[in-house]
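# Chains, contacts and geometry: an overview
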Amino acid sequence: MATGRTHRPATRSRGIPEATVARLPLYLRALTALSERSVPTVSSEELATAAGVNSAKLRKDFSYLGSYGTRGVGYDVEYLVYQISRELGLTQDWPVVIVGIGNLGAALANYGGFASRGFRVAALIDADPAMAGKPVAGLPVRHTDELESIISDNGVSIGVIATPAGAAQQVCDRLVAAGITSILNFAPTVLSVPEGVDVRKVDLSIELQILAFHEQRKAGEETGQATTATPAPAQPRTGTQARTAAAAGSRKGPDGDVPAVMPA
C-alpha cells in the first residue's frame, strides 16, 4: 500500500481552490452518511443542506472535480465518495505520529475515525520517560528520543502536535527536520515553519471565545439594550451667543423660518 511520503494528493496540481478543498471533507462526511443508509443518489440541494453550504457553491465546487450530476437524478453517492476520497488522498495509507500524550493526545489516539478515513496512527510519542512503554489505544508510548527514527522507519509525512504551548515549536522544528511536511497543531500557539510545510491549527479556546461573542450579542438583542449614543448635555451660552442665536432664529426665508445655525 502506498504511503504519504511517496504520494501526494492531486488537488493542487489540478488547480482546485483552497476554499473548495476545505469544503470537500464536509461533503465527504455527508455522503458517507448517505452511503451507510444505502441512499443511491442525492440532489445538490439535499447534499448542500447536509453539508451546511448553499447548493450553488456545492455545484461550483464539484465542477472542479469534473462532477456535474445528472439532471432530474442528482449525484451518484458512491461515485462521489470515491471521487472526493481520491482528491483528498484518502485512497492511500497516511501514517501519522501524535506527539504529546496527555489528556488531549490520548483522546486523539483513541479516536476511531482515523483508520476509516485513510489515516494510520504509526506511533505515539511523549517526552515524559515515565510514559515510555505505557499502552494507549493499543500502542506503546515511545520517548521523543526516538522521534526521528520513527518518522524515517514508518515513512511519516503528517505529524500531530498535542503538547503544551511551550514545547510546541521545538517539537515542530524536530518534526520538520525529520521530514514531516504537514502538521496538525493542537497546541495553543502559532508555529513558525519553512515554506513547503503545511500547518492546520485547531484551537478550542479560540472557538469557544467566538461562541461567547455570539452568545453575548444574542443576550444583548434579547434584553433590548440601546445601541445609540446618549446626547451630550447642552452647554450654557454666553450673552453674545444667545443674542446671535435669537437673531438667526428670527430670520425669514422664502419658505418660512431659516434654521438657527450655531456659530463655529
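Whatever comes next refers back to the structure up there.
For the structure given in this document, a descriptive report is provided here. (Residues numbered from 1 in each chain as written. Predicted model: local features only at pLDDT ≥ 70, side-chain atom pairs only at ≥ 80, totals over all residues. Heavy atoms only, no water.)

### A look at the packing of aromatic side chains
Scanning the entire structure with this criterion turns up three aromatic pairs. Ring plane angle 75 degrees and centroid distance 5.0 Å describe the contact between Tyr 27 and Phe 62, whose orientation is recorded as edge-to-face. Placement of Tyr 27 in helix α1 (residues 18-36) and of Phe 62 in helix α3 (residues 55-65) is noted, with a sequence separation of 35 residues between them. Accessibility classification places Tyr 27 together with Phe 62 in one group, the buried group. Residues Tyr 111 and Phe 114 carry aromatic rings whose centres are separated by 5.2 Å and whose planes lie at 85 degrees to one another, so their mutual orientation is edge-to-face. Phe 114 sits in the buried class, given a relative accessible area of 18%. Aromatic rings pair up to connect Tyr 27, Phe 62 and Tyr 75 into one cluster. (Phe/Tyr/Trp six-rings, centres within 6.5 Å; stacked < 30°, edge-to-face > 60°. Helix = DSSP H or I, 4+ residues; strand = E, 2+ residues; numbered from the N terminus. Buried < 20%, exposed > 50% of the residue type's maximum accessible area, 1.4 Å probe, protein only.)

### With respect to the sheet that holds strand β8 (residues 182-185)
If you walk across this open sheet you meet the seven strands as β5-β6-β4-β3-β7-β8-β9, and the pairing is mixed. A strand with exactly one partner marks an edge of an open sheet, and here the two such strands are β5 (135-136) and β9 (198-201). Each of β3 (94-99), β4 (119-126) and β6 (139-143) touches helix α7 (residues 147-154); the most contacted strand, β4, lies at about 165 degrees to it. The sheet contacts of helix α8 (residues 165-177) involve β3, β7 (158-161) and β8, and relative to β7 the element is tilted by about 170 degrees. (Pairing = 2+ DSSP bridges. Contact = heavy atoms within 4.5 Å. Axes fitted to C-alpha atoms, helices over the stretch in contact; angles between N-to-C directions.)

### Observations regarding the pattern of salt bridges
As a working rule, side chains carrying opposite charge can pair if their charged atoms are close by. Counting across every chain of the model gives eight salt bridges. Note that Lys 201 is salt-bridged to Asp 203, the shortest N-O span being 3.6 Å. Judged by its relative accessible area of 36%, Lys 201 is partly exposed. A salt bridge links Lys 218 to Glu 215; its shortest N-O distance comes to 2.7 Å. With Lys 218 and Glu 215 both in helix α9 (residues 204-222) and three residues apart, the pair spans about one turn of that helix. Residue Glu 215 is classed as partly exposed on the basis of its relative accessible area of 46%. (Salt bridge = Lys/Arg side-chain N within 4 Å of Asp/Glu carboxyl O.)

### Quick look at the layout of surface pockets
Estimated volume of the second largest pocket: approximately 290 Å³. Looking at the second largest pocket, it is lined by 20 residues, and the ones nearest its centre are Gly 100, Thr 163, Pro 164, Ala 167 and Val 171. Contributing elements (two or more residues each) for the lining of the second largest pocket: α5 (103-109), β4 and α8. (1 Å grid on protein atoms, 1.4 Å probe; cavity = no way out; pocket = protein on both sides within 12 Å on 5 of 7 lines; lining within 4 Å. Points joined across faces, edges and corners; volume = space filled by probe spheres on them.)

### As for the packing of α1 against helix α4 (residues 77-87)
It is the contact of α1 with α4, at a shortest axis distance of 9 Å, that shows an interaxial angle of 145 degrees. Our pair here, α1 against α4, has a crossing hand that is left-handed. Across from Leu 24, Tyr 27, Leu 28, Leu 31, Thr 32, Leu 34 and Ser 35 in α1, the residues of α4 making contact are Val 77, Glu 78, Leu 80, Val 81, Ile 84, Ser 85 and Glu 87. The residue inventory of the contact of α1 with α4, partitioned by class, reads nine nonpolar, three polar and two charged. (Left-handed = near helix turned anticlockwise from the far one by under 90°. Nonpolar A, V, L, I, M, F, W, Y, C, P; charged D, E, K, R; others polar.)

### Comments concerning the nonpolar core
The biggest cluster of nonpolar side chains holds 22 residues, and the ones touching the most others in it are Tyr 27, Leu 31, Val 42, Leu 47, Leu 58, Phe 62 and Ile 84. Of all the secondary structure elements, the ones that give two or more residues to this core are α1, α2 (44-51), α3 and α4. With seven residues, α1 is the largest single contributor of residues to this core. Core analysis: the second largest hydrophobic core is formed by 20 residues, Val 99, Val 156, Val 171 and Ala 187 among them. (Core = buried A, V, L, I, M, F, W, Y, C linked by side-chain atoms within 4.5 Å.)

### What about the environment of Val 160?
In this fold, Val 160 is placed in strand β7. Along the primary structure Val 160 and Leu 175 are separated by 15 residues, whereas in three dimensions their C-alpha atoms are 9.6 Å apart. Those residues within four positions of Val 160 in sequence are excluded, and the remaining contacts are Val 96, Val 97, Ile 98, Val 99, Leu 108, Leu 184 and Phe 186.

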